[in-house]
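As a plain string of letters, each chain reads:
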Amino acid sequence: MKFICRRFKVLKNADLYGSSINQKLKVNSIVHKLSANIISQIIPVENSYYISKRFMTNSCDGGNKNNISGRHQFHKDTENILNEQVLEEFKAAYEYLTMGHYFGRTDVALPGCQGFFMNMYEEELGHANIFTNYVLMRGGHVQLKSISVPKNKTWTVTEAFTRAVQMEQGIKEKLNEVFNVAEKHKDLHIMDLVSTEFMEEQHRSICEMARLVTRSKITDTKVGEYLFDQMIFTSFVKKEKDKENLMYKRRLEIVEDADKHVIYK
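Everything numeric in this text was worked out from a predicted model, so none of it was measured.

**With respect to helix α6 (residues 188–215)**
Here is step 1: Here α6 is 28 residues long and its end C-alpha atoms lie 40 Å apart, about the 40 Å a rise of 1.5 Å per residue gives.
Here is step 2: Of all bends in α6, the biggest is about 40°, found at F198.

**So, the UniProt feature "binding site: Fe cation" (unreviewed entry) in the chain**
Here is step 1: UniProt tags E89, E124, H127, E168 and Q202 as "binding site: Fe cation" (unreviewed entry). Look at the named residues: they lie 114 residues apart in sequence, but the longest C-alpha span between them is just 12.4 Å, so in the fold they bunch up.
Here is step 2: Secondary-structure assignment places E124 in helix α4 (residues 111–137).
Here is step 3: Not counting residues within four places of it along the chain, the set of residues in contact with E124 comprises E89, A92, A93, Y96, E168 and I171.
Here is step 4: With respect to the helices, strands and loops of the structure, H127 is situated in helix α4.
Here is step 5: With residues up to four places along the chain from it excluded, the contact list for H127 reads E89, F198, E201 and Q202.

**Re the nonpolar core**
Here is step 1: Counting residues in hydrophobic clusters, the biggest one holds 44 residues, and the most contacted among them are Y96, F103, F116, F117 and F161.
Here is step 2: Of all elements in the fold, only α3 (76–103), α4, α5 (157–184), α6 and α7 (222–260) reach the threshold of two or more residues within this core.
Here is step 3: Among the elements that take part in this core, α5 stands out by supplying 11 residues, more than any other.
Here is step 4: Dropping the residues within four chain positions of it, F103 is found in contact with V108, A109, L110, C113, Q114, F117, W155, T156, V157 and A160.

**Thoughts on the packing of α4 against α5**
Here is step 1: At their nearest, the axes of α4 and α5 sit 12 Å apart, and the two run at 15° to each other. By the angle class used here, α4 and α5 are roughly parallel. Along this stretch, α4 crosses α5, giving a crossing that reads as left-handed. Contacts between α4 and α5 pair C113, F116, F117, M120, E124 and F131 from the former with V157, A160, F161, A164, E168, I171 and L175 from the latter.

Cut-off values and rules
- Residues numbered from 1 in each chain as written.
- Predicted model: local features only at pLDDT ≥ 70, side-chain atom pairs only at ≥ 80, totals over all residues.
- Heavy atoms only, no water.
- Helix = DSSP H or I, 4+ residues; strand = E, 2+ residues; numbered from the N terminus.
- Expected span 1.5 Å × (residues − 1).
- Bend = angle between axes of the 7 residues up to and from the residue.
- UniProt positions renumbered as here; feature names shortened; annotations may be inferred.
- Contact = heavy atoms within 4.5 Å.
- Core = buried A, V, L, I, M, F, W, Y, C linked by side-chain atoms within 4.5 Å.
- Buried < 20%, exposed > 50% of the residue type's maximum accessible area, 1.4 Å probe, protein only.
- Axes fitted to C-alpha atoms, helices over the stretch in contact; angles between N-to-C directions.
- Parallel < 35°, antiparallel > 145°, perpendicular 65-115°, else oblique.
- Left-handed = near helix turned anticlockwise from the far one by under 90°.

Dropping the structure here:
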């Protein structure tokens, strides 16, 4: 009997609680209808959905202020192909580095070839950094991948320059792919970057390397190898060093001239 009474009280309380909820819902619906009527009189019907949706996104989602990104019209395909280009540049740089270290060994001792390939290593590394910085500038993500160790550990002079031609051609083909993807997605900036900053340089490098392959065929003898290495050192390595020294001297002259005329004081 006590159990039945308790159960009756619980059911009665539940009914009272349910009725109070229903009353609250009715009141809320009436208030909602009144507010909707007032808003519809102030705001045109065709704009009410847009404004209410905008209000909801701004109030609940924080609006666009919390979702600001530097990425704008930068397609994912373009980002991926640029990351592939970065990998190609790093691969070439790594292989040029191994070549330079090989020709710098004491049992090989070809300083011209060593300096040439070390310069190529720095050049390809600089190209890779240009592309990585560009991806970051466009709001993308740089995705670095592992680089396999070069198969060759020793080279003849002709083999090294032949491999250099192949790498430069591979880089140029990858640049063509970057240009095609950018053209597909109408990314004019990347198209301009590839065509004006890199393509001419790649064609010049391929032509230059091919000429060196032809000249390197005189290296069948030790005398020919020595003469070729001297030519490489004089025409490429020393010229680059002289250019750097000239730029350094020019910078010193500018600084000295500035101090002389008290420009920066």
